[in-house]
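Listed below are the residues making up each chain.
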Amino acid sequence: MVGVNDNVALVRRFYDEVYNHGEVAFADEAHAPDYRYHDTTNPDEVVDHATFMARNAGFAAAFPDRRVDIDDIFGAGDRAVARATLHATQTGNLGDIGPTGKPVRLTSTIIYRFEGNKIAEEWEIFDALGMYRQLGVAPPG
């Protein structure tokens, strides 16, 4: 039986391998076959594993030096919550935003739901407006 500590360890490994070392194949192993990602900046859209990974690839290309640190993480039952901070410099295209060369610090909170030993679902809350302001493409607050 998979326990809470196993789920927390899986999330830590996911951040380390996929986000910090670019070992994206680990996501195929970590995500459940019917994985779903919910982005709170677009609450009507739910994406599958392939779409999530394509978005991850685009973000990694825009911020190739990204490092994501887990600031807090805890689990209960079939859930875990991680609060993390991304540190990166935008040197590639981010959608239609050309390289700015500016550093960003982006915080996020993600709720994970597990099925067995796989990540089945994620709900991410992140400060997209703050990121765009740091890049200089949104008015200051």
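Located above this text is the structure these notes cover.
Since the structure is predicted, the reported quantities are computational estimates derived from the model, not experimental observations.

K.L.:
So what's going on with the overall build of the protein chain? Which residues, and what values?
P.N.:
Helices and strands together make up the secondary structure of the protein chain, namely 4 helices and 6 strands. Sequence-ordered secondary structure for the protein chain, helices as α and strands as β, is α-α-β-β-α-β-β-β-β-α. The C-alpha atoms of the protein chain give a radius of gyration of 15 Å, which matches the 14 Å a tight globule of 141 residues would have. On the principal axes, the C-alpha backbone points of the protein chain span a range of 50 × 30 × 30 Å. Each of the 141 residues in the protein chain was classed as buried or not, and the buried ones make up 39%. Sequence-distant contacts, at least 24 apart, represent 53% of the contacts inside the protein chain between residues at least 6 apart. Of the roughly 7,500 Å² of accessible surface on the protein chain, 52% is carried by carbon and sulfur atoms. Averaging the positions of the 13 positive and the 22 negative side-chain charges in the protein chain gives two centres separated by 4 Å.

K.L.:
Lay out the nonpolar core with the relevant residues and their values.
P.N.:
If you look at the biggest cluster of nonpolar residues, it comprises 35 residues, and the most contacted ones within it are Phe-14, Tyr-15, Phe-63 and Tyr-112. Those elements giving two or more residues to this core turn out to be α1 (4-20), α2 (25-30), β1 (31-39), α3 (49-62), β3 (67-76), β4 (79-89), β5 (103-115) and α4 (128-135). Per-element accounting of this core gives the leading share, 7 residues, to α1. Not counting residues up to four positions away in its chain, the partners in contact with Tyr-112 are Val-11, Tyr-15, Asp-78, Arg-79, Ala-80, Ala-82, Ile-119, Glu-121 and Glu-122.

K.L.:
Describe the pattern of salt bridges, with residues and values.
P.N.:
Should the charged atoms of two oppositely charged side chains come close, the side chains can pair. Considering all chains together, one arrives at 9 salt bridges under this definition. Here Arg-13 and Glu-17 are joined by a salt bridge, their closest N and O atoms 2.6 Å apart. Of this pair, Arg-13 and Glu-17 both sit in helix α1, 4 residues apart, roughly one helical turn. Salt-bridge contacts for Glu-45 lead to Arg-55; the nearest nitrogen and oxygen are separated by 2.7 Å.

K.L.:
Can you tell me about the side chain of Glu-124, naming the residues and giving the values?
P.N.:
Relative to the helices and strands, Glu-124 is located in strand β6 (residues 118-126). Residues contacting Glu-124, with those up to four places away along its chain left out, are Tyr-37, His-38, Asp-39, Thr-40, Ser-108, Thr-109 and Ile-110.

K.L.:
Summarise the sheet that holds β6; cite the residues concerned and give the values.
P.N.:
Strand order in the open sheet formed by 6 strands is β2-β1-β6-β5-β4-β3, with mixed pairing between adjacent strands. Every other strand in the sheet has two partners, leaving β2 (46-47) and β3 as the edge strands with one partner each. With 9 bridges connecting them, β3 and β4 associate as antiparallel partners. In the sheet register, Asp-69 faces β4, and the bridge partner there is Thr-85. Set on the sheet, α1 makes contact with β1, β3, β4, β5 and β6; between it and β3 the angle comes to about 165°. α4 rests against β5 and β6 of the sheet, and its axis sits at about 155° to β5.

Quick notes on the rules
Residues numbered from 1 in each chain as written. Predicted model: local features only at pLDDT ≥ 70, side-chain atom pairs only at ≥ 80, totals over all residues. Heavy atoms only, no water. Helix = DSSP H or I, 4+ residues; strand = E, 2+ residues; numbered from the N terminus. Rg over C-alpha atoms; globule rule 2.2 N^0.38 Å. Buried < 20%, exposed > 50% of the residue type's maximum accessible area, 1.4 Å probe, protein only. Contact = heavy atoms within 4.5 Å. Areas by Shrake-Rupley, 256 points an atom, 1.4 Å probe, with all protein chains shown as cover. Lys, Arg positive; Asp, Glu negative; His and termini not counted. Charge placed at Lys NZ, Arg CZ, Asp CG, Glu CD. Core = buried A, V, L, I, M, F, W, Y, C linked by side-chain atoms within 4.5 Å. Salt bridge = Lys/Arg side-chain N within 4 Å of Asp/Glu carboxyl O. Pairing = 2+ DSSP bridges. Axes fitted to C-alpha atoms, helices over the stretch in contact; angles between N-to-C directions.

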